[in-house]
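The chain contents come next:
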Amino acid sequence: MDRRSSLQWMLAASTAAGSPAFAKPAAPAPSQARRTATDPDLTRSYRAGELWPLSFTERERRCAAALCALIIPADEHSPSAAELQVQVFIDEWISAPYPAQRQDRATILQGLAWLDGESQRRFGAAFADAAPAQQTQLADALAVQPPADPALAEPARFFARFRDLTAGGFYTTPAGMKDLGFVGNTPSAEFAGPPTAVIQLVGLKP
């Protein structure tokens, strides 16, 4: 199974199981349901960085784009996550002035710094400039939970969060939803239910 297919299965499983990475946050109590000065107006569109200052430096942006492209590469169905500017979505996400995003900001920035530093140490090049096989070698070491090397625990935690954000950003774009096969609010003559493989994946009986 290729990386894109694996991410699609992960997304389906996390949705069915209510994974915190994609779960919808609980609505605030009526007495707390008030806009703050930093809340966006959801009736209008914003340019990148218009709501709040973005976090990535140019080096971090290139590193994030390279990692996005590695996690979800282009194929015959759709462009890569980097081509869809998912790294810009991640930058917007970690720059938002809310507690969860602020926590992610530290995780993502520290992780990108580690990735660039480790690539420079091993290969003599920044992560974005490393060869694809070298990028894959670094990512593969972080993709296993728990990592084989205990010293990689924090970088692996970063990679897991970055991978979740990449998948979330990619599969909520029109191209990503098309790749996933999501048809949205479209009339259907019949509904056969979720595939048996998905039901078994989340531990339910068909």
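Predicted, not measured: the structure shown is a model, and the values here were computed from it.

This part takes up the overall build of the protein. If you tally the helices and strands in the protein, you get eight helices and zero strands. Its helices and strands taken in sequence order, the protein reads α-α-α-α-α-α-α-α from the N to the C terminus. Looking at the protein as a whole, 34% of its 206 residues qualify as buried. Considering only residue pairs separated by 6 or more positions, the protein has 64% of its internal contacts joining residues 24 or more positions apart. Element-wise, carbon and sulfur atoms account for 58% of the exposed surface of the protein, whose accessible area totals about 12500 Å².

Time to look at the packing of aromatic side chains. Using the criterion set out here, one finds four aromatic pairs in the structure. Both rings, one in Phe170 and one in Tyr171, keep their centres 4.8 Å apart while their planes meet at 90 degrees; by these two values the pair is edge-to-face. Here Phe170 and Tyr171 have matching classes, each one buried.

How each quantity is defined
- Residues numbered from 1 in each chain as written.
- Predicted model: local features only at pLDDT ≥ 70, side-chain atom pairs only at ≥ 80, totals over all residues.
- Heavy atoms only, no water.
- Helix = DSSP H or I, 4+ residues; strand = E, 2+ residues; numbered from the N terminus.
- Buried < 20%, exposed > 50% of the residue type's maximum accessible area, 1.4 Å probe, protein only.
- Contact = heavy atoms within 4.5 Å.
- Areas by Shrake-Rupley, 256 points an atom, 1.4 Å probe, with all protein chains shown as cover.
- Phe/Tyr/Trp six-rings, centres within 6.5 Å; stacked < 30°, edge-to-face > 60°.

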